[in-house]
Amino acid sequence: GAVVSQHPSRVICKSGTSVKIECRSLDFQATTMFWYRQFPKQSLMLMATSNEGSKATYEQGVEKDKFLINHASLTLSTLTVTSAHPEDSSFYICSAQGASGSTDTQYFGPGTRLTVL
Amino acid sequence: GENVEQHPSTLSVQEGDSAVIKCTYSDSASNYFPWYKQELGKRPQLIIDIRSNVGEKKDQRIAVTLNKTAKHFSLHITETQPEDSAVYFCAASRGGGGNKLTFGTGTQLKVEL
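Here we summarise the structure given alongside this text.

As a further point, take the interface of chain A and chain B. With 22 residues of chain A at the contact, the number on the chain B side is 21 residues. Together chain A and chain B conceal approximately 1,600 Å² of surface at their shared face, both sides included; 51% is due to carbon and sulfur atoms. Ranking the residues of chain A by area buried against chain B places A:Ser43, A:Asp104 and A:Phe108 at the top, with a combined share of 32%. Scanning the region where chain A abuts chain B turns up two salt bridges. In this structure, the salt-bridge partner of A:Glu59 is B:Lys100, at a minimum N-O distance of 2.8 Å.

Attention now moves to the state of the cysteines. Residue and element names in this part refer to chain A. Tallied over the full model, the rule gives two disulfides over all chains. The disulfide partner of cysteine 23 is cysteine 94, and the S-S distance across this bridge is 2.0 Å. Since a negative S-S torsion denotes a left-handed disulfide, the cysteine 23-cysteine 94 link at about 80 degrees is right-handed. Here cysteine 94 lies in strand 9 (residues 90–97) and cysteine 23 lies in strand 3 (residues 19–25), a separation of 71 residues in the sequence. Here cysteine 13 is not disulfide-linked; the sulfur of cysteine 94 is the nearest cysteine sulfur, at 18 Å. By relative accessible area, which is 10% here, cysteine 13 ends up buried.

Right, let's get into the environment of A:Cys94. By relative accessible area, which is 0% here, A:Cys94 ends up buried. Sequence-wise, A:Cys94 and A:Ser77 are 17 residues apart; in three dimensions their C-alpha atoms are separated by 8.8 Å.

Take the packing of aromatic side chains next. Under the definition given, this model contains twelve aromatic pairs over all chains. Between A:Phe108 and B:Tyr36 the ring centres are 5.1 Å apart and the planes differ by 85 degrees, which places this aromatic pair in the edge-to-face class. Residue A:Phe108 is located in strand 10 (residues 106–108), and its partner B:Tyr36 is located in strand 4 (residues 32–38); the two belong to separate chains. Here B:Tyr36 and B:Phe103 contribute two aromatic rings whose centre-to-centre distance is 5.8 Å and whose plane-to-plane angle is 50 degrees, an arrangement assigned as tilted. Of the two residues, B:Tyr36 is situated in strand 4 and B:Phe103 in strand 10 (residues 102–103); the sequence distance between them amounts to 67 residues. Pair check on accessibility: B:Tyr36 and B:Phe103 agree, each one buried. Grouped by ring-pair contacts, the aromatic residues A:Tyr36, A:Phe108, B:Tyr36, B:Phe89 and B:Phe103 constitute a single cluster.

What follows deals with unusual backbone geometry. Following A:His7, the chain continues into A:Pro8 via a peptide bond in cis, with omega recorded as 0 degrees. With respect to the helices and strands, the residue A:Pro8 is situated in the loop between strand 1 (4–7) and strand 2 (10–13). Along the chain, B:His7 connects to B:Pro8 via a cis peptide bond; the corresponding omega equals -5 degrees. With respect to the helices and strands, B:Pro8 occurs in the loop between strand 1 (4–7) and strand 2 (10–14). Here B:Gln60, not a glycine, exhibits a phi torsion of approximately 55 degrees, which is positive. For B:Gln60, the position within the fold is in the loop between strand 6 (56–59) and strand 7 (62–67). One non-glycine residue, B:Glu79, adopts positive backbone phi at about 45 degrees. Residue placement: B:Glu79 occurs in the loop between strand 8 (72–77) and strand 9 (86–92).

Residue and element names in this part refer to chain A. In spatial order, the strands read 1-3-8-7; together these four strands make up an open sheet with antiparallel pairing. Since the sheet does not close on itself, it has two edges, and those belong to strand 1 and strand 7 (67–73), each with one partner. Each strand of the sheet is rotated relative to its neighbour by a mean of 15 degrees, with strand direction disregarded. Sheet topology places strand 1 next to strand 3; four bridges connect them, and they run antiparallel. When the bridges of strand 3 are listed, histidine 7 appears paired with glutamate 22.

Conventions used here
- Residues numbered from 1 in each chain as written.
- Chains lettered and ligands numbered in written order.
- Predicted model: local features only at pLDDT ≥ 70, side-chain atom pairs only at ≥ 80, totals over all residues.
- Heavy atoms only, no water.
- Contact = heavy atoms within 4.5 Å.
- Buried area = accessible area lost by both parts, 1.4 Å probe.
- Salt bridge = Lys/Arg side-chain N within 4 Å of Asp/Glu carboxyl O.
- Disulfide = S-S within 2.5 Å.
- Helix = DSSP H or I, 4+ residues; strand = E, 2+ residues; numbered from the N terminus.
- Buried < 20%, exposed > 50% of the residue type's maximum accessible area, 1.4 Å probe, protein only.
- Phe/Tyr/Trp six-rings, centres within 6.5 Å; stacked < 30°, edge-to-face > 60°.
- Pairing = 2+ DSSP bridges.
- Axes fitted to C-alpha atoms, helices over the stretch in contact; angles between N-to-C directions.

Just distances and angles here, no functional claims.
And the structure:
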């Protein structure tokens, strides 16, 4: 139980284009989803917290107009990187919270490797 | 906000030995402390967690201890195996739905044959 999927696993795009990443909780309803960014050999940096049906809460320094988050249902959240540039290249990971019996445990998706040329 | 420090950043042990990773946190309201294992290019996987109403929790070769007074918690892995080699992250939060995790900087554990 508590499986989280993420799609795509890997994406390469040209500078200036937008990329959408999907995060799904497959066997539970996620009351909250989180989006992280991870650079090589570094820790996970929280970008934003997303609750179904409401606006995401962004961490300080994260541009909300650049990283658009939509949490349309209890099983799906999306992160859109708008007008991507090479410095946005990173490993993006989502997590979902709300599995029965463990409401505060975060279960992570497999991550999306974004490369912007 | 919460600040979590983790030591050491790298740890090499011989197969069969024990490994200990330590974390400290700053927010006295934190009461949920998970540990994640992350292999290269993969997702972080929860290996054990502890809540502040207990001081120790064990699951086979893995144990976690918590000292709320000193605001530190530790991960203990006994009888290490090569497959234990990975990056381990500690984290802390105030618990409950919607509360965010603050992660430590990670420990690269290498178990040598």
